[in-house]
Amino acid sequence: MMASLLQDRLTTDQDLLMMQEGILMRKVRSKSWKKLRYFRLQNDGMTVWHARQAGGREKPSFSISDVETVRKGHDSELLRGLAEDFPLEQGFTVVFHGRRSNLDLVANSVEEAQTWMQGLQLLVDLVTSMDQQERLDQWLSDWFQRGDKNQDGRMSFEEVQRLLHLMNVEMDQEYAFSLFQTADISQSGTLEGEEFVQFYKALTKRNEVQELFENFSADGQKLTLLEFVDFLQEEQKEKDYAPDLALELINCHEPSDSGKLRHVLSMDGFLSYLCSKDGDIFNPACLPIYQDMTQPLSHYFINSSHNTYLVRDQLCGQSSVEGYIRALKRGCRCVEVDVWDGPSGEPVVYHGHTLTSRILFKDVVATVAEYAFQTSDYPLILSLENHCSWEQQQTLAQHLTEILGEQLLSTPLDGLLPTQLPSPEQLRGKILVKGKKLETLEQDVEDEDEEEEPECDLEQQQGSELEPELQESFLQSKDKKKKLKPILCPALSALVVYLKSVPFHSFSHSKENYHFYEISSFSESKARNLIKEAGNEFVQHNTWQLSRVYPSGLRTDSSNYNPQELWNAGCQMVAMNMQTAGLEMDICDGLFRQNGVCGYVLKPDFLRDVQSSFHPERPISPYKAQTLLVQVISGQQLPKVNNTKEKSIVDPLVKVEIFGIHADTARQETNYVENNGFNPYWGQTLSFRVLVPELATLRFVVKDYDWKSRNEFIGQFTLPWTCMKQGYRHIHLLSRDGISLHPASIFVYISIREELEIES
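What counts and what doesn't
Residues numbered from 1 in each chain as written. Predicted model: local features only at pLDDT ≥ 70, side-chain atom pairs only at ≥ 80, totals over all residues. Heavy atoms only, no water. Helix = DSSP H or I, 4+ residues; strand = E, 2+ residues; numbered from the N terminus. Rg over C-alpha atoms; globule rule 2.2 N^0.38 Å. Buried < 20%, exposed > 50% of the residue type's maximum accessible area, 1.4 Å probe, protein only. Areas by Shrake-Rupley, 256 points an atom, 1.4 Å probe, with all protein chains shown as cover. Lys, Arg positive; Asp, Glu negative; His and termini not counted. Charge placed at Lys NZ, Arg CZ, Asp CG, Glu CD. Polar contact = N/O pair within 3.5 Å; in protein donor to acceptor, adjacent residues only side chain to side chain. Contact = heavy atoms within 4.5 Å. Core = buried A, V, L, I, M, F, W, Y, C linked by side-chain atoms within 4.5 Å. Pairing = 2+ DSSP bridges. Axes fitted to C-alpha atoms, helices over the stretch in contact; angles between N-to-C directions. Salt bridge = Lys/Arg side-chain N within 4 Å of Asp/Glu carboxyl O.

Student: Honestly, the overall build of the chain in this entry has me stumped. Any pointers?
Tutor: Of regular secondary structure, the chain possesses 24 helices and 30 strands. Taken over the C-alpha trace, the chain has a radius of gyration of 29 Å; the compact-globule value for 760 residues is 27 Å, and the two agree within 12%. Overall, the chain is about 100 × 75 × 55 Å in size when its C-alpha atoms are taken along their principal axes. Looking at the 760 residues of the chain, the share that counts as buried comes to 54%. When the accessible surface of the chain is totalled, it reaches about 33,900 Å², and 47% of it is carbon and sulfur. In the chain, 75 positive and 112 negative side-chain charges are present, and the distance between their average locations comes to 6 Å.

Here it is as structure tokens:
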């Protein structure tokens, strides 16, 4: 039942055999919290349990499917700080998906550390490479292990009843017993491996899919090639290429070789198609990089992070390079670095004037150098908030130049003065610094051949459109003559090329005084007010110049705002507190899930046209309204909200939310289904009218109804309207942290109807 390759490795691989015996290791949470724990890989090869000592009461520590990777001790920020206490070679870090804290462990020897690092990575690789069927087999194996309470390799009816509760199933006892007896082919009164699989299949029979299959199948046994083509064209809205697609899908999903040869699809093959990526609501054509990447940077929404170094709140939270690793791994293309004078001449990164901890700037730059292009090779922007003295600014410039090397863009492309911002394609593999600058780009290009450092006097600085706060921050030199020494160090200033920070006064001021390579930052409230007061001007401004929006300083808990309303005005860099899960991050993740998760999404054409008449608050023609019908049909294997309540079963409902321009923002929900998280059926249709679908984002969220308090979150999936497929589709749910809840899903029918052009 378990994926056979994993089973083979568990009995032959020396590292995995040692891990199943168990080992004492030191679990490290901080410099003061270092405790011995006994860790052991369970016989299923999928979970690691721990106890206070060997032979002690064990409890689950983590599942292999939750692990993203395993790092050496040298790569652990925490273990490096304890290098005097433990040899780094004996340490390693288990890194989890999502926002779960890393697990730092120290073994008793280098050999033991190697055993666990190699073994864990092997298991992670095996799980990652599993196909759809293998993942389902593994999921079933996990449930069998949980249900087989006395671990004798078979399940009695009492154990099956308990398992049904764990799996969120409320079922008539007689019906459950009849399914049990049918599956018990050996008539032993218990279910063993394959018998349990048959029991599960009977339990999960999809009557609604069977009915759909029979609607298109003449004999109710199979879909011929022509019948399947009809289904793809009529229901799935697959246009002209449906015959080719039908052949491809049969070859991929039909389990029987004879069916493949005869070009027919059985019910099992049909269900396999509907549950696969091919039957997903997210259009697979939008998964790779599919957009034009040769337009100016200002024509893209850019995945951006606020106070990237923080992994918790804004007042007392921990600063960590882990914040940068997580942001960069999820495709973020603009990270923030708040840098201040540190001890021993080394600048530090932290949230100034707060109790947040501090990390070295050079460690941040080294982390950025390592992870910048692991997820996306399109340009990364370092938003530098510089609070350093002249001397430590020179150190900043030195670290950026020496550590980033060729990755750092320090001169204009080809040494030429452009007329617009370069494209993501032109800047591939480059890191750009956003910050304050002494000169204009034009002066930079003119001065490129001069080797002397510019000595700036105040008049010259004012002539080059220096920010007011910079103009105030000049120190008079010792001789108190006219020559003044700027606080901004020329070496650091020179590293800012296309992203010169300037204060915003008004849109007319920007148009008259600023250049395309200058960028203004706006607080969320300032940006919102500008959208209300001058929405069309903001849209036009964002066609040629970049804007960065950041959360209110009052969000000390690292909460987020809704990025959608800022995207509606074409704001490119809407910075999010990525450490905080929730609705707002779901919307952000939803938009950037497309285009290869590269962190750049091309804005709709009406947000790229400098003459655009679009106003996000008052959209007028030629935008065509569309009506969306969502039939919420059924749910599959929904997880429990609270795993500690063994007997509680969820009462699920589905809420469909649309976020876009103000007039399009809406939410509707189904009724709840009582006591059924395993295969609830709703069969309800929700209807939405949308004026500007190009800007709409859809969020499907499943909740557990609770009449006494707020409905509890079960799972969600968010995607852009433009990436949504029509027809019968499965929506595979994600946790609050954005991690797959496989095999939890909801089954829907999506239909979009275009209305006639709206009169203005």
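Student: Is there a simple way to explain the side chain of R99 in this structure?
Tutor: Along the chain, the position of R99 falls in the loop between strand 6 (91-96) and strand 7 (103-106). Looking at R99, its side chain comes within polar contact range of the main-chain oxygen of M578, at 2.9 Å. At 2.9 Å, the side chain of R99 forms a polar contact with the side chain of D737. Every residue in contact with R99, bar those within four places of it in the chain, is listed here: R326, R330, M578, Q579, T580, A581, M585, R736 and D737.

Student: What's the story with the nonpolar core in this structure? I'm lost.
Tutor: Among soluble globular proteins, nonpolar side chains are generally buried collectively. Among the nonpolar cores identified, the biggest contains 65 residues, and F361, L400 and F538 are the most heavily contacted of them. Among the elements that make up this core, the one with the highest residue count is helix 22 (residues 524-544) (six residues). Setting aside its immediate chain neighbours within four residues, F361 contacts V337, V339, P347, V348, V349, L384, L396, H399 and L400. V650, V673, V702 and I731 belong to the second largest nonpolar core, which has 33 residues in total.

Student: How should the sheet that holds strand 6 be read in this particular structure?
Tutor: The strands that make up a sheet pair up through hydrogen bonds in the backbone, lying either parallel or antiparallel. Read from one edge of the open sheet, seven strands run 4-3-2-1-7-6-5, paired in antiparallel fashion. Of all strands in the sheet, those bounded by a partner on one side alone are strand 4 (59-63) and strand 5 (67-72). Between one strand axis and the next, the sheet turns by 35 degrees as a mean value, whatever way the strands run. Strand direction decides the pairing type here: strand 6 and strand 7, joined by four bridges, are antiparallel. Bridged to G91 within strand 7 is V106.

Student: Could you clarify how one ought to interpret the pairing of strand 27 (residues 697-704) in this entry?
Tutor: For a regular strand, the rule is simple: side chains alternate between the two faces of the sheet. Most of strand 27 sits inside the fold, with eight of its eight residues counted as buried. Every second residue of strand 27 is oriented toward a common face, with T697, R699, V701 and K703 on one face and L698, F700, V702 and D704 on the other, all of them buried. Judged from the eight bridges that link them, strand 24 (residues 652-659) and strand 27 form a sheet pairing that is antiparallel. When the sheet's bridge partners are listed, K655 is paired in strand 27 with V701. As judged from the eight bridges shared by strand 27 and strand 28 (residues 712-720), these two strands associate in the antiparallel manner. Looking across to strand 28, one finds that T697 is bridged to P720.

Student: Can you walk me through the pattern of salt bridges in this structure?
Tutor: Proximity of charged atoms lets side chains of opposite charge pair with each other. Applying the stated criterion to the full structure yields 23 salt bridges. Note that E58 and R40 form a salt bridge whose closest N and O atoms lie 3.0 Å from each other. Here the residue E58 occupies a position in the loop between strand 3 (47-51) and strand 4, and R40 occupies one in strand 2 (residues 34-41), the gap between them amounting to 18 residues. Residues R667 and E657 are paired through a salt bridge, measuring 3.3 Å at the closest nitrogen-oxygen approach. Of this pair, R667 sits in strand 25 (residues 666-669) while E657 sits in strand 24, and the two are 10 residues apart along the sequence. A residue is classified by how much of its surface remains accessible, and E657, at 4% relative accessible area, is buried. Through salt bridges with shared partners, a single ionic network connects E524, R528, R555 and E565.

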